[in-house]
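Okay, here's what each chain looks like letter by letter:
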Amino acid sequence: MNTLKTKLLGCVWLLALLITIFPFALSILYAMPCKDDYVMASFLVGSNNLLSDSIAGTNYVYNTWNGMWPFLFVEFIFNPLNYAPAYSLLTGIEILLMFLAFVIILYSYIREILRFFFDCNESLYCRALYLCSVMAFLNADFYRQIFYWFVGCAAYLLSVVFVMLSQICAMRYFGKRSFARGLVLALTGFIGCFCYQLGIFMGIFYLMCMFRKPVNDRTTVIKDLIPLIYMVGGGLFSLLAPGNFCRYNSLEEHADFVSILAVTIRNTGRSLGNVMSSPLYLVFMAVGIFLGYRMQKSFLRVKNICLYLLASLFGVLFPLAIGYPDGTVVNRIKFLTNFLIIIWSVFISIDVGAYIKNKVKVGMAVSLALLSLVILSISGIYGRRYENIPWVYTLSHMRILQNEKHYYASALKKIYSSSDQNVVITLPDEHIGSELLITPLDMYPGSDELTKYSCKVIGKKSIRVLSNSTLSEK
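Just so you know, these numbers come straight off a predicted model, no measurement behind them.

(A) A look at the overall build of the protein. Within the protein one finds 22 helices and two strands. Across the 474 residues that make up the protein, the buried fraction comes to 52%. Pairs at least 24 apart in sequence give 82% of the contacts found in the protein among residues at least 6 apart. Surface exposure of the protein reaches about 21,700 Å², of which carbon and sulfur atoms provide 64%.

(B) Structural view of the pattern of salt bridges. Counted under the stated rule, the structure contains six salt bridges. One salt bridge connects R177 with D224, and the closest N-O pair in it is separated by 3.1 Å. Here R177 is found in the loop between α8 (150-175) and α9 (179-192), whereas its partner D224 is found in helix α11 (residues 218-239), with 47 residues between them in sequence. One salt-bridge network, held together by shared partners, links E112, R115 and R172.

(C) The arrangement of helix α15 (residues 302-317) in detail. A rise of 1.5 Å per residue sets the reference length of α15, with its 16 residues, at 22 Å; its end C-alpha atoms lie 22 Å apart and thus fit the reference within 8%. All of the buried residues along α15 are I305, L309, S312, L313, G315, V316 and L317.

(D) Region of interest: a nonpolar patch on the surface. Together, I200, F257, V258, L261, I265 and F314 make up a nonpolar patch on the protein surface, roughly 560 Å² of accessible area in all. One can find I200 in helix α10 (residues 199-212).

(E) The nonpolar core, seen in detail. If you look at the biggest cluster of nonpolar residues, it comprises 109 residues, and the most contacted ones within it are F102 and Y109. Aside from chain neighbours lying at most four places away, what touches F102 is F137, L157, V160, V161, M164, F335 and F339. In this structure, L81, A86, L412 and C455 belong to the second largest nonpolar core, which totals 22 residues.

(F) Broad picture of unusual backbone geometry. Positive phi, close to 50 degrees, is recorded for D119, a residue that is not glycine. Looking at the secondary structure, you find D119 in the loop between α5 (90-118) and α6 (123-138). A positive phi angle is found at E435, which is not glycine, with a value near 65 degrees.

(G) View of the side chain of T268. Relative to the helices and strands, T268 is located in helix α13 (residues 257-276). Under the relative-accessibility criterion, T268 is labelled buried at 10%.

(H) Examining α11 more closely. Between its first and last C-alpha, α11 extends 31 Å over 22 residues, near the 32 Å set by a 1.5 Å rise per residue. Along α11, the residues that are buried comprise T220, D224, P227, L228, M231, G234, G235 and S238.

(I) Examining empty space enclosed by the protein more closely. Applying the stated rule across the entire model yields three cavities of 30 Å³ or more. Taken as a whole, the largest cavity spans an internal volume of roughly 60 Å³. Together, F24, L138, D141, F142, Y143, F147, Y148, P390, T394 and L436 line the largest cavity. Grouping the constituent residues of the lining of the largest cavity by class yields eight nonpolar, one polar and one charged.

(J) The environment of D119, seen in detail. A residue is classified by how much of its surface remains accessible, and D119, at 45% relative accessible area, is partly exposed. The sequence separation of D119 and M295 amounts to 176 residues, and the corresponding C-alpha distance is 9.0 Å.

(K) Molecular detail of the packing of α5 against α8. Two elements in contact, α5 and α8, have axes separated by 9 Å at closest approach and are oriented at 25 degrees. For the element pair α5 / α8, the angle class is roughly parallel. Crossing geometry of α5 relative to α8 is assigned as left-handed. Looking at side-chain class alone, the contact of α5 with α8 contains 23 nonpolar, four polar and five charged residues.

(L) Summary view of the pairing of strand β1 (residues 422-426). What you see with β1 is a clean split: V423 and I425 sit on the buried side and N422, V424 and T426 on the side with no burial. Sheet topology places β1 next to strand β2 (residues 462-466); five bridges connect them, and they run parallel. The residue of β2 that forms the bridge with V424 is R464.

(M) Structural context of the packing of α6 against helix α14 (residues 279-295). In the contact formed by α6 and α14, the axes pass within 8 Å of each other and the chain directions differ by 160 degrees. Regarding the angle of α6 to α14, the classification is roughly antiparallel. In terms of crossing hand, the pair formed by α6 and α14 is left-handed. Between α6 and α14, the contacting residues are Y125, A128, L129, C132, S133, M135 and A136 on the first element and L280, Y281, F284, V287, G288, L291, R294 and M295 on the second. Class assignment for the residues of the contact of α6 with α14 results in twelve nonpolar, two polar and one charged.

(N) Up close: the packing of aromatic side chains. Under the criterion given, the structure shown has 36 aromatic pairs. Judged by centre distance (5.4 Å) and plane angle (90 degrees), the rings of Y87 and Y416 are edge-to-face. Here Y416 lies in helix α20 (residues 398-417) and Y87 lies in the loop between α4 (69-77) and α5, a separation of 329 residues in the sequence. Since its relative accessible area comes to 26%, Y87 is described here as partly exposed.

(O) The arrangement of the confidence of the model for the protein in detail. Chain-level statistics for the protein give a pLDDT mean of 86 and a share of 88% at 70 or above. Counted against residues more than four places away or in other chains, residues 470-474, with its pLDDT under 50, gives ten contacts.

(P) Representation of the environment of Y30 within the structure. Mapped onto the fold, Y30 is located in the loop between α1 (2-28) and α2 (35-42). Separated by 58 residues in the primary sequence, Y30 and S88 have C-alpha atoms spaced 9.4 Å apart. Excluding residues within four positions of it along the chain, Y30 makes contact with M398, L401, Q402, K405 and L437.

(Q) The arrangement of the side chain of Q145 in detail. Secondary-structure assignment places Q145 in helix α7 (residues 144-147). Since its relative accessible area comes to 18%, Q145 is described here as buried. Reaching out from Q145, the side chain makes a polar contact with the side chain of R332 at a distance of 3.0 Å. Discounting chain neighbours no more than four positions away, the residues touching Q145 are G152, C153, V330, N331, R332 and I438.

What counts as what
- Residues numbered from 1 in each chain as written.
- Predicted model: local features only at pLDDT ≥ 70, side-chain atom pairs only at ≥ 80, totals over all residues.
- Heavy atoms only, no water.
- Helix = DSSP H or I, 4+ residues; strand = E, 2+ residues; numbered from the N terminus.
- Buried < 20%, exposed > 50% of the residue type's maximum accessible area, 1.4 Å probe, protein only.
- Contact = heavy atoms within 4.5 Å.
- Areas by Shrake-Rupley, 256 points an atom, 1.4 Å probe, with all protein chains shown as cover.
- Salt bridge = Lys/Arg side-chain N within 4 Å of Asp/Glu carboxyl O.
- Expected span 1.5 Å × (residues − 1).
- Patch = residues over 30% accessible without salt bridge, like charges linked within 9 Å, V, L, I, M, F, W, Y side chains within 5 Å.
- Core = buried A, V, L, I, M, F, W, Y, C linked by side-chain atoms within 4.5 Å.
- 1 Å grid on protein atoms, 1.4 Å probe; cavity = no way out; pocket = protein on both sides within 12 Å on 5 of 7 lines; lining within 4 Å.
- Points joined across faces, edges and corners; volume = space filled by probe spheres on them.
- Nonpolar A, V, L, I, M, F, W, Y, C, P; charged D, E, K, R; others polar.
- Axes fitted to C-alpha atoms, helices over the stretch in contact; angles between N-to-C directions.
- Parallel < 35°, antiparallel > 145°, perpendicular 65-115°, else oblique.
- Left-handed = near helix turned anticlockwise from the far one by under 90°.
- Pairing = 2+ DSSP bridges.
- Phe/Tyr/Trp six-rings, centres within 6.5 Å; stacked < 30°, edge-to-face > 60°.
- pLDDT = per-residue confidence, 0-100.
- Polar contact = N/O pair within 3.5 Å; in protein donor to acceptor, adjacent residues only side chain to side chain.

Printed below as a string of structure tokens:
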């Protein structure tokens, strides 16, 4: 009977997960190459050796624009435009694979956090918290530059995957120290820290793991610091890349330190408010508090975790990390901040639940009733319109998204199939955008001509797109 019950719960959990990710996974298949995809692919047009030319292109961008070397390399060598026309499904397939990698690794990540920090091996608790964290994260915002743009996905989603992998390795290493685990930790941490925006988060997490299982042996302590040195090295190699300075110096305006600090504080508040106002985030927190109540195992004081959260957000939102002195928070940066908020909220919610159990002298029913009342009150004040929740919006706009993909794919097929080197095509004006895809036709605002990068990748001298008022308005 227990075995049957376990299997049924497992099936229900898996079905709930598939329902949670279904609209996003399906919509990702409609993704198409965008401006930066064409720029990267233009380096490799006519290449006889993709590997060596990808390394050369990565080095060039590292020195002129961006320091995320391993992820830049992925952008070059796995760029779908290297292998298929722009209208193919390959872009969506590659992004979908990385999205699924993120979803799968996140499960192991949540499970390891519960096991290592809270001594909890209950699969039911892990699955419940994981499922709610996925729902909260995916519905905190629309990740257009991650789920519908290969370069953004390879740089930011893939970097988060490596961050989680390195922290899983850290928890396992400090759970049972060994040379092999330390080596894997050093490697994954080195790569993960090339997303230097998350460097503060990774450093805090590493020290939490280290002091969770302290040792008295001085030699062991020194060995424990070796992977951290590799992580710091990866972060500095990325942060101090010549390209970061070139990019920053190319901007027209630079704010003073006080203004930058004010912008960072403002963006931190907005990021927290945006995530915490989501009804699904409140559900996620309620589940975490309930599990903490059941486990009765607190890890750290909530105020400490809140400080860690703020410090981690500061590392991402400080305008130098973003590359924009005015503090413009682009969508790919929201992906990072929302991830941090969700992960630290795992710790906060469990600790709050344990505190209620250990300190507040009320029964479980009363505690949950009070918690429900608070959640309903907050949801009533800050709750969003449910049709604008990303899951609902994405699912309800699937037909529009499909038509949008067909609209652009048809245009690109005409361009590819044209026998002229100087292509002129006319698009119908009737087109409704889903507001999910990034416009795949690479044109400057107000222009009707595709950029030189797109022309080079497609194999044309010039490409003009006429009578596309809807496209220009977007």
